[in-house]
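What the coordinates show
These are the residues of each chain, in order.
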Amino acid sequence: MQTSRTFVKRTRAGAVVKVVREHYLRDDISCGAAACRLCPLRPDAPAPSLEAQPGGAASSLCPGPHYLLPDTNVLLHQIDILEDPVIKNVIVLQTVLQEVRNRSIPVYKRIRDVIQTPEKHFYSFTNEHHRETYIEQKKGETSNDRNDRAIRVAVKWYSEHLKKMEDEEKIQVTFLTNDRINKEKALEEGITAYTCEEYIKSLVANPELVDRLACVSDEGKEIESGKIIFPEHIPLSKLQQGIKSGNYLQGTYRASRDNYLEATVWVHGDAEEKELKTSVSKDMLRPTGKVVGIIKRNWRPLCGMLSKSEIKEARRHLFTPADRRIPRIRIETRQADKLEGQRIIVAIDGWPRNSRYPNGHFVKNLGSAGDKETETEVLLLEHDVPHQPFSQAVLSCLPKMPWSITEQDMKHREDLRHLCICSVDPPGCTDIDDALHCREIENGNIEVGVHIADVSHFIRPGNALDEESVKRGTTVYLCEKRIDMVPELLSSNLCSLRSDVDRLAFSCIWEMNHKAEILKTRFTKSVIKSKASLTYAEAQMRIDSASMNDDITTSLRKLNKLAKIMKKRRIDNGALTLSSPEVRFHMDSETHDPIDLQTKELKETNSMVEEFMLLANISVAQKIHSEFPEFALLRKHPAPPPSNYDILVKAAKSKNLEIKTDSAKALAESLDKAESPTFPYLNTLLRILTTRCMMQAVYFCSGMDNDFHHYGLASPIYTHFTSPIRRYADIIVHRLLAVAIGADDTYPELRDKHKIADMCKNLNYRHKMAQYAQRASVAFHTQLFFKSKGVVNEDAYILFVRKNAIVVLIPKYGLEGTVFFEEKGKPTPRLDYNNEVPSLTVEDTTLCVFDKVKVNIMLDASNIQHQKIQMVLVEPKIQGNDGPANLSTETSSNDEPEKKKRKLQK
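The structure presented is a predicted model; accordingly, all values stated were derived computationally and were not measured. (Residues numbered from 1 in each chain as written. Predicted model: local features only at pLDDT ≥ 70, side-chain atom pairs only at ≥ 80, totals over all residues. Heavy atoms only, no water.)

With respect to the sheet that holds strand β32 (residues 837-842)
By definition, the strands of a sheet pair up through backbone hydrogen bonds, in either a parallel or an antiparallel sense. The criterion, for reference: Paired strands, in this sense, are two strands between which DSSP finds at least two bridges. The helix count covers DSSP runs of H or I at least four residues long, the strand count covers runs of E at least two residues long, and both are numbered beginning at the N terminus. In this description, a line fitted to the C-alpha atoms serves as the axis of each element, helices being fitted only across the stretch in contact, and the angle between N-to-C directions of two axes falls anywhere from 0 to 180 degrees.
Taking strand neighbours across the sheet as the criterion, the three strands line up as β31-β32-β33 in an open arrangement whose pairing is antiparallel. Both edges of this open sheet fall to β31 (830-834) and β33 (845-848), since each of them pairs with a single strand only. Mean inter-strand twist for the sheet, computed between neighbouring axes without regard to direction, equals 30°. In terms of strand pairing, β31 meets β32 through five bridges, oriented antiparallel. Looking at the pairing, Leu 831 lines up with Leu 840 of β32.

Listed below in C-alpha cells is the structure:
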C-alpha cells in the first residue's frame with residue numbers, strides 16, 4: 001500500500017516542475033512483543049526485542065506487566081535514565097527517533113546503542129510505514145503537533161493490539177511525556193500517560209534513579225530571588241538575521257585550558273577581515289567580543305566531586321567539576337553522604353538567568369577520589385577518549401581462530417618470507433606496526449624494505465569494526481595502560497609483526513645506491529616472517545658488537561649507515577631537530593606505583609627506524625597523490641607566523657646568540673650553531689623553546705587544500721602510512737595505496753573529498769585529545785611519585801620570565817612548572833627589559849631566562865580533587881622567600897572560580 005502527494009515548485013533557474021512523493025505503507029511490521037502471535041515475522045526481520053512478560057523495576061503506578069513508550073523530549077533529556085539497567089522493554093517510535101536525530105546526534109547514537117543491546121529489550125517500531133499507525137498532517141497543523149499526534153496514535157494502536165493476545169496476562173503500554181498538553185490529550189483519549197518524573201518516583205525499589213532525572217523545568221527550582229543575574233541570550237531567529245546582515249559574527253568558543261578567565265572565538269569565514277576595515281591602524285586593534293547567543297551547545301557529562309551542603313538533610317548540593325573551566329553545578333541527590341569523597345559524573349540540564357549556578361543531575365559514581373583506576377577513568381572521560389570494551393558487533397568482524405593465510409589471501413600478494421626482516425621497538429611493545437630489511441643485490445646496489453602491518457586486510461570498509469576504529473581514531477598510550485584503537489586480537493596478535501610467525505604486510509621497497517639515493521621504488525602487499533623482534537637497546541648492542549656478524553646484525557649495520565646519510569641530507573635541506581622532555585616511569589611490580597622517574601634516552605637505532613619510516617611516508621604520499629590528486633589523505637605542518645618566534649629569539653639574545661627564523665633551514669642552522677662550551681644544556685633548552693613555537697601538524701584532504709608542505713620535515717608532501725595498528729589515518733592511506741597498485745577495490749567514500757575532509761577533522765581532534773590524555777597521565781603519575789618522596793631538591797633552568805613568576809624546567813624529571821613571587825608585605829617583583837630580553841627582579845635578586853636555579857619540589861594534597869605539585873626557589877636565596885610557591889602547569893589545577901587565587905601575568 002502507498003500514499004502519494006503531488007505538488008509543483010519553482011527551481012532556482014525559474015522553471016516550474018512537478019514533484020510526486022510516494023510513501024509506502026505495510027501491514028507486516030511486527031509490534032516486537034515476543035508473546036504476540038498476531039504479527040508474523042518476515043524471514044529477513046530481526047528477532048523481537050520486547051520480552052514476553054516485562055520484568056525489571058516494579059512500579060506502584062503500573063503494578064502489572066508493561067511496556068514504556070517515551071516521546072521525543074523524554075528521549076532527549078532523560079537518556080541517562082533510559083540507559084540504566086533497571087529500565088527495560090521500551091518502544092522507540094520511528095517518529096521519535098527521527099526527531100532525536102535532527103536535534104541531537106550524540107543522543108541519537110546513544111539510543112541506537114541501547115536499542116542494539118539485547119539485554120535491554122528496546123524495540124524500534126517503524127510507525128511511519130505501518131498501515132495502521134501512519135497519519136497525514138492536517139491543514140494548519142504544525143509539524144510538532146502532527147508528530148505528537150502520531151505518537152499518541154501509535155500508543156493507542158499498541159494498547160488495542162496487545163489486548164488481542166490470547167492466553168497471556170495483558171500487557172499495558174505506558175506513555176511517558178513531560179509535555180503537559182500532550183499528556184492531557186493522551187489521558188482524554190484513554191491512554192495511560194505519566195511524566196518521566198512520576199514514573200521514576202513510582203519505582204519504589206530503585207529510589208536512586210530519582211537522582212538521575214534531568215531538571216527540564218525551572219519552575220520552583222531556584223533558591224535565589226527573581227533578580228536577573230545574567231542577561232538573556234538573543235533568540236536563534238534574531239541571531240540568524242544578525243549573522244546574515246553582518247551585525248553578529250559566528251564562531252567557535254574555546255576556553256583556555258589554563259585559565260578559565262581567558263577564551264578565544266575562532267570566527268568563521270572572513271569576518272575577521274570585516275572587523276579590521278576601519279580608519280584605525282591595525283597595530284592599535286585588539287579584537288574583543290561578547291557572546292550574545294548560542295547556536296549549538298557542546299554540553300557533555302562532567303567528572304568531579306560533590307560539595308556537600310552544610311544544611312542538615314539538604315537534598316540540593318553543589319558539584320565541583322574537575323575541569324576548572326566549568327562552574328559549579330547545582331544537583332539534587334539523596335545520596336550525598338554516600339557520594340562524599342567520590343568521583344562522580346554529572347550532566348548539565350540548563351542555566352536559568354536568575355541562578356548563580358547551572359542545574360544538573362547525577363549520572364554515575366566512578367569510585368573513590370585518588371584511586372588510580374578511578375582517576376584514569378576520569379582522565380579518559382575528561383579528554384573524550386572512547387574506551388568502552390569493544391561491542392559484540394565489533395568483535396563479530398574479527399577473523400575466527402585459529403587463523404592462517406589462505407590461497408585467497410595470497411592473491412595480489414608477494415611472498416617475502418625468505419628475507420631477513422626484523423623489527424626494532426621500545427621494550428614491552430606488543431603492537432608491532434613495522435619491520436625492516438636491507439640486503440645487497442646482484443648489481444651492487446642495496447635493497448631496503450619497510451614492511452607495515454596490513455591492518456586494512458582485516459578491517460573492511462563500512463563494517464562495525466571499521467566504524468569503531470574511525471570513531472576512536474588513534475590508540476592512546478597512558479603510563480600504565482594502552483587504549484587500543486582495534487581489538488587486542490589484531491593489535492597484539494594477527495596484525496603485530498612478531499618474530500617467527502607468518503604475517504600479512506604492505507611493503508615499500510627501494511633500490512638504493514651506497515649514497516642512499518633512491519633509484520627505484522615499488523609497493524606490494526606481501527607475506528613476511530620476521531626473524532627477530534628487537535628493542536632499541538638490543539639492536540644498538542648488535543650494531544656496536546665486534547663479535548656479532550649474523551644476517552640480522554649485518555642488515556642493521558647497513559640500515560644504520562644509510563640512515564645517517566639520509567638524516568644529514570634531510571637536515572641540510574632544512575629539516576628541524578627539536579627536543580621535548582619525555583619521561584619514563586619505573587613501576588613497582590606489586591603496587592604498580594611509580595618508584596622511579598627518568599627522562600627517556602634516545603639511541604642511534606631510534607633515529608635509524610625514524611629515518612626509514614619518514615622515507616616510507618614520503619614515498620607513499622607521492623604515490624597516492626599522483627594517483628588520486630583530489631582525495632589523498634595527507635599530513636601537513638604549517639610554518640609558524642613570525643611572531644611565534646619572539647620568545648625564542650629574545651631568549652637566545654640573552655646569551656648573545658642569534659636565531660634566524662626566515663626559513664626552516666635558517667632556523668635549523670641557527671640552532672646547530674647555538675652552542676656554549678660552558679653551558680652544554682643550552683642547546684637543548686633552545687630546541688625545547690623552538691618546539692613551543694611550532695604549529696600543530698594536521699591531516700587534510702589534498703582536494704580541499706593547496707598548502708601541502710611539512711615545515712618540520714622540510715618535505716613538500718607527507719602522509720602517515722607506517723602505523724595502521726594505532727592510527728586510523730594510516731588505514732585510509734593503505735586503502736588508497738592498495739587501489740593505486742591494483743591490490744584492492746575502491747569504494748564511494750574513498751573517492752569523496754568532502755567525506756575525507758570530515759574524517760580528517762575527527763582524526764585531528766582525536767589525536768589532540770590523545771596527546772592531552774597522555775600528558776595528564778604523566779602528570780598524575782608524577783604526583784604519585786612525589787607523594788612518597790616528601791621534599792625533593794633539584795637543579796632547574798628558567799624557561800620563561802613573567803611579570804610575577806618564573807617558569808622552570810627540571811631536566812632530571814622532564815618536569816616543568818611555574819614559581820610565583822607575590823607575598824603580602826613584600827616588594828612587588830619588577831619585570832625589566834634589557835635589550836628586549838626580559839628579566840625579573842625579586843628583592844635584590846635578578847632572574848633571567850636560562851639561569852640555573854635550585855628548587856624544592858613537593859606535593860600539595862590539601863585539595864583531593866585538584867592535587868598539585870608545589871615549588872619553592874632555594875637558590876639563589878631570596879630574602880623572605882621561606883614558603884612554597886604554587887606550580888602552575890598541566891600537572892596542576894587552579895582553585896575554584898569563587899576562591900581568590902594567584903594568576904599568571906603575561
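Text resumes after the structure shown.
Overview of the pattern of salt bridges
Our working definition: Salt bridge, as used here, is a side-chain nitrogen of Lys or Arg placed within 4 Å of a carboxyl oxygen of Asp or Glu. Here the term buried applies to any residue with accessible area under 20% of the maximum for its type, exposed to any over 50%, and partly exposed to those in between, with areas from a 1.4 Å probe on protein chains only.
With the rule as written, the count across this model stands at 49 salt bridges. For Glu 627, the salt bridge identified is with Lys 623, shortest N-O distance 3.6 Å. One end of the pair, Glu 627, and the other, Lys 623, are both in helix α17 (residues 604-627), four residues apart, so they sit about a helical turn from each other. On the basis of relative accessible area, Glu 627 is assigned to the partly exposed category, the value being 38%. In this structure Lys 623 comes out as partly exposed when scored by relative accessible area, which is 24%. Between Asp 832 and Arg 830 there is a salt bridge, with the nearest N and O atoms lying 3.1 Å from each other. Using a relative accessible area of 24% as the deciding quantity, one classes Asp 832 as partly exposed. Three or more residues joined by partner-sharing salt bridges are found here, namely Arg 300, Asp 323, Arg 325 and Glu 382.

A closer look at the packing of helix α16 (residues 551-572) against α17
Where we set the bar: Oblique is the label for any angle not under 35 degrees, not over 145, and not in the 65 to 115 range, which are roughly parallel, roughly antiparallel and roughly perpendicular in turn. By convention the crossing between two helices is left-handed if the near helix lies anticlockwise of the far one by an angle smaller than a right angle, and right-handed if it lies clockwise. Contacts: residue pairs with any heavy atoms within 4.5 Å of one another. When residues are sorted by character, Ala, Val, Leu, Ile, Met, Phe, Trp, Tyr, Cys and Pro go into the nonpolar class, Asp, Glu, Lys and Arg into the charged class, and all the rest, Gly among them, into the polar class.
Relative orientation of the contacting elements α16 and α17 amounts to 70°, with a least axis distance of 9 Å. Judged by the angle between their axes, α16 and α17 are roughly perpendicular. Of the two possible hands of crossing, α16 and α17 adopt the one that is left-handed. Packed against α16, whose contacting residues are Leu 556, Leu 559, Asn 560, Leu 562, Ala 563, Lys 564, Met 566, Lys 567 and Arg 570, the element α17 presents Glu 604, Ser 607, Met 608, Glu 611, Phe 612, Leu 614 and Leu 615 at the interface. In the contact of α16 with α17, the residues fall into nine nonpolar, two polar and five charged.

Geometric values such as these leave the question of function open.
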